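Here is how the chains run, residue by residue.
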Amino acid sequence: LPKRPGDLVYAGSVNYESPLRIRVTGVGEDTVLAGIARLLDRAQAQKPRLSQVADRIAEYFTYALLVFVAIVAWVWWRVDSNRVFEITLAVLVVSCPCALSLAAPAAFAAAGSHLVKRGVLLTRGHALETLAKVTHFVFDKTGTLTLGKPALLQTIPFASHNEARCLLLAASLEQASEHPLAQSFLQAVDRQHLLPVTFSENVPGKGVAGTVEGRRYSIGSTALNPALTPACQLDRELPQGASVVWLCDEQQVLAAFVLADTPRAQAAEMVSMLRKRGMRVSIMSGDAVDAVAYHARALGVDDWHAGLTPKGKLAALRALQDRGEVVAMVGDGINDAPVLAGAQVSIAMGSGTQMARTTGDVVLLTESLLEIDHAVATSRFGLSIIRQNFAWALGYNLLVLPFAATGYISPWLAALGMSASSLVVVLNALRLR
C-alpha cells in the first residue's frame, strides 16, 4: 500500500521502499498488530486439508455407526434381550473413531516436529501436504542459490568523478536498502562519512534513487534509467558470474560497479537430488543475463530467466501454473515476495528479508539447501503414513464390527482393540520423527 504524509501506518507493517518518519499514535492492544496477532492465533489453529477430510469421514462414520448400533440392538432385542446391552456396548467401544481422527493430525505433528529439528519451519497448515505434490521448483538466485553477499570486485568511474567519490555516493544511496548488494557498498566505505540522502526511493527489481547535495542520483540495473541505457557499456571482459550495477545522475552514467556472488556449497547437489525425484527446476532472477547464465550452467539448470521484475517473476510463475505445474518457489528478498505469495507452496530463506519470511509457507532456518530436498522427502513419506493410517483405521473397523455385532467380542476385549487401534496409528506416525 502506498503511504503519503498524514496516512496511518500500522504497527507491524513492513516498509520496503523509501524511509519513513513515523509518529506513534497507539500502543499495546490498541494497535492493528495486536488484532492481527489474535487472528494469527486463530489461523495457526487451522487444520490441513487431509485433517479436515479425516474429520468429515469420522463424522459420517459416527452417524452410520449410530444407525448400525440401533439396528444391532433391535435385532438382539428380538433374538436374546439379555445380551442387548453387552453387544451394543461392545459395538460402540470397538468402533470408536479415535484412530480415524488421529490418522492425519498425528502424522502432521510428527513431521512438523522432525522438520523443525532440522531447521525447516512450517508456517501454514497446507505446507506439508502441498510440498508432497510439487512438480516444479523455482529458485531465485541471489541469496538463495548463492550466499547473497556479493563482493565488490571493481569500481569503474566515468565522467569527472573519481573512484572514491562514486563509491561514497553509491553507499549513501544504498544505506536505506535491504538488498544484498547494498551491504557490499556499505562494507566498502566508512559508514560515519555517508552523505545524507533525501527523497530516497526504492524501485523493486531495478535499484534505488535519491537526492544527495541537491542532485538526483540513482544506482541499479539499466532498467532504472532507460534513457541512459545506451551509455551503459563496458569495453572490458568481466569475471564469470559477475553483475554490473550502474551509478547515474540525471544526465550521464557516473560509474560501473562489478560485483560477484558465491554459490552456496550444496546448491548443485540439491538441484541434482530434486531432479532425481522427478521434479523440474528453474531459476527466476532479476540479475543480469550473464550472471544468471553462469550460475545456471554451474548448477546444471537449463530453464532460467534473467532481468525479471517482481511482476515479471509472477507472470512467469503463472505461466508454469497454467501448464498444470504445482510450483514451489524458493526466495529470500523483497523482489520475491509477490511470487512467493503466488506459488502453491513457498519456501523463504531464514536469512532473507522480513517480507519474504512473512510470505513463506515454509521458512528455512538453516543455511543448508539440502534440507529442502529432505523436506520434500519427509512430506511424501508423511502422506504415505497418513494413507496407511487411514487404511488401518477403516480396515480395522470393517474387520471387527461384524464380530462385535454377532457377539464374538466382549466389551473388555473391544476396549483393548480400540486402544490398540489408536496406538498403532500413533506409533506409525512416530516413524516420521
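Residues numbered from 1 in each chain as written. Predicted model: local features only at pLDDT ≥ 70, side-chain atom pairs only at ≥ 80, totals over all residues. Heavy atoms only, no water.

Caption draft 1: Molecular detail of the pattern of salt bridges. Under the defined criterion, the tally for this structure stands at 13 salt bridges. Glu 86 is the partner of Arg 83 in a salt bridge, and the nearest nitrogen-oxygen pair spans 3.9 Å. We classify Arg 83 as partly exposed; its relative accessible area is 25%. Take Glu 86: its relative accessible area is 30%, and that puts it in the partly exposed class. Measuring nitrogen to oxygen at the nearest pair gives 3.2 Å for the salt bridge that ties Asp 140 to Lys 313. (Salt bridge = Lys/Arg side-chain N within 4 Å of Asp/Glu carboxyl O. Buried < 20%, exposed > 50% of the residue type's maximum accessible area, 1.4 Å probe, protein only.)

Caption draft 2: A look at the sheet that holds strand S7 (residues 242-249). The six strands are arranged S3-S8-S7-S6-S5-S4 in an open sheet whose pairing can be described as antiparallel. Bordering the open sheet on either side are strand S3 (151-157) and strand S4 (198-203), each of which pairs with just one other strand. Strand-to-strand twist in this sheet, taken as the mean axis angle between neighbours without regard to direction, amounts to 15°. Two strands pair when backbone bridges link them, and strand S5 (residues 207-212) and strand S6 (residues 215-220) are joined in this way by six bridges, in the antiparallel orientation. Paired with Gly 210 across the bridge in S6 is Tyr 217. The sheet strands contacting helix H7 (residues 163-174) are S3, S5, S6, S7 and strand S8 (253-260), and the helix crosses S6 at an angle near 85°. (Pairing = 2+ DSSP bridges. Helix = DSSP H or I, 4+ residues; strand = E, 2+ residues; numbered from the N terminus. Axes fitted to C-alpha atoms, helices over the stretch in contact; angles between N-to-C directions. Contact = heavy atoms within 4.5 Å.)

Caption draft 3: Quick look at the packing of aromatic side chains. A full pass over the atoms with the stated rule returns three aromatic pairs. An angle of 85° between the planes, with centres 4.9 Å apart, marks the rings of Phe 185 and Phe 257 as edge-to-face. On the criterion of sequence distance, the pair formed by Phe 185 in helix H8 (residues 180-186) and Phe 257 in strand S8 is long-range, its members being 72 residues apart. Accessibility expressed as a relative area gives 0% for Phe 185, which makes it buried. Of the residues examined, Phe 257 reaches a relative accessible area of 0% and is grouped as buried. (Phe/Tyr/Trp six-rings, centres within 6.5 Å; stacked < 30°, edge-to-face > 60°.)

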